[in-house]
Amino acid sequence: MVDVSHKAPTLRTAVARGYVQMNQETFGLIKQDRIKKGNVLSVAQIAGIQGAKSCPQLVPLCHPISLTKVSVSLELLDDAPLGHRVEIESQARCKGETGVEMEALCAVSAAALTIFDMCKAVSKEMRIGGICVKEKSGGKSGDWCSSKVE
């Protein structure tokens, strides 16, 4: 890991997004809360929060940081060009010497993997995609927002 002890603690925030595409049947079962393993959106939300908290165990050179906030929101969407999908957005926040982009990305990834796991008995034809940092604030490099639209 790099040494961040010379950096002043600042408020840092990162937002990440991603999605899980699926067929109409799987989408409908999630929407009707009829997946056998349970409520997909609730479990994925908790998994995402846990994923952010577990980031240093998953990413070897990631600093363990004291998160002050993690939120994960999931939305069922059915529109072109991506079709049936669950959109995932996470926000991670801390007051520290290093950023929280990795924690936000881990949150989205864990939520997406949980959706796949809970729905694979219905169909394995799901696609996890679009995982990226959309914005960050704080730290030496300041604020940043992705100019790419998906």
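Residues numbered from 1 in each chain as written. Predicted model: local features only at pLDDT ≥ 70, side-chain atom pairs only at ≥ 80, totals over all residues. Heavy atoms only, no water.

## Some details on the packing of helix H2 (residues 40-53) against helix H4 (residues 101-119)
- Taken N-terminus to C-terminus, the directions of H2 and H4 make an angle of 145°; their axes are 7 Å apart at the nearest point. Crossing geometry of H2 relative to H4 is assigned as right-handed. The residues of H4 that touch H2, namely those facing Val-40, Val-43, Ala-44, Ala-47, Gly-48, Gly-51 and Ala-52, are Glu-103, Cys-106, Ala-107, Ala-110, Ala-111, Thr-114, Ile-115, Met-118 and Cys-119. (Axes fitted to C-alpha atoms, helices over the stretch in contact; angles between N-to-C directions. Helix = DSSP H or I, 4+ residues; strand = E, 2+ residues; numbered from the N terminus. Left-handed = near helix turned anticlockwise from the far one by under 90°. Contact = heavy atoms within 4.5 Å.)

## So, the sheet that holds strand S5 (residues 144-145)
- Ordered by their spatial adjacency, five strands build an open sheet running S2-S3-S1-S4-S5, and the pairing between neighbours is antiparallel. Each edge of the open sheet carries a strand with a single partner, namely strand S2 (67-79) and S5.
- As paired strands, strand S4 (residues 127-137) and S5 are joined by two bridges and run antiparallel to one another. Residue pairing in the sheet places Lys-136 in a bridge with Trp-144 of S5.
- Docked against the sheet, helix H1 (residues 24-31) engages S2 and strand S3 (83-96), running at close to 125° with respect to S2. (Pairing = 2+ DSSP bridges.)

## Points about unusual backbone geometry
- The backbone phi angle of Asp-33 is positive, close to 55°, even though this residue is not glycine.
- Summarising the element assignment, Asp-33 is placed in the loop between H1 and H2.
- Exposure remark for Asp-33: the relative accessible area of 44% places this residue in the partly exposed category. (Buried < 20%, exposed > 50% of the residue type's maximum accessible area, 1.4 Å probe, protein only.)

## Comments concerning H1
- Along H1, the positions that sit buried rather than exposed are Thr-26, Phe-27, Gly-28, Leu-29 and Ile-30.
- Looking at the buried residues of H1, the elements they touch are H2, S2, S3 and H4.

## Comments concerning the side chain of Thr-114
- Tracing the backbone through its elements, the reader meets Thr-114 in helix H4.
- The buried category is assigned to Thr-114, whose relative accessible area is 14%.
- Looking at Thr-114, its side chain comes within polar contact range of the main-chain oxygen of Ala-110, at 2.8 Å.
- Contact partners of Thr-114, with chain neighbours within four places excluded, come to Val-43, Ala-44 and Ala-47. (Polar contact = N/O pair within 3.5 Å; in protein donor to acceptor, adjacent residues only side chain to side chain.)

## A short note on a nonpolar patch on the surface
- Side chains of Leu-113, Ile-128 and Ile-131 sit close together on the surface and give an oily, nonpolar patch of about 240 Å² of accessible area.
- Mapped onto the elements of the fold, Leu-113 is located in helix H4. (Patch = residues over 30% accessible without salt bridge, like charges linked within 9 Å, V, L, I, M, F, W, Y side chains within 5 Å. Areas by Shrake-Rupley, 256 points an atom, 1.4 Å probe, with all protein chains shown as cover. Salt bridge = Lys/Arg side-chain N within 4 Å of Asp/Glu carboxyl O.)

## Structural notes on the environment of Ser-146
- Its location among the elements puts Ser-146 in the segment after S5.
- By relative accessible area, Ser-146 is classed as buried at 19%.
- Separated by 87 residues in sequence, Ser-146 and Val-59 have C-alpha atoms that sit 23 Å apart.
- For Ser-146, the residues in contact, after removing those within four places along its chain, are Val-133 and Lys-134.

## Examining the pairing of S3
- Counting buried positions along S3 yields 10 of 14 residues, so the element is predominantly enclosed.
- When strand S1 (residues 10-21) meets S3, the two strands line up antiparallel, connected through 12 bridges. Opposite Gly-18, over in S3, you have Ile-88 as the bridge partner.
- Both S2 and S3 contribute to a ladder of 12 bridges, which runs antiparallel. Counterpart to Ser-71 in the pairing with S3 is Gln-91.
- Where S2 hands over to S3, the hairpin turn is made up of three residues, counted between the paired strands.

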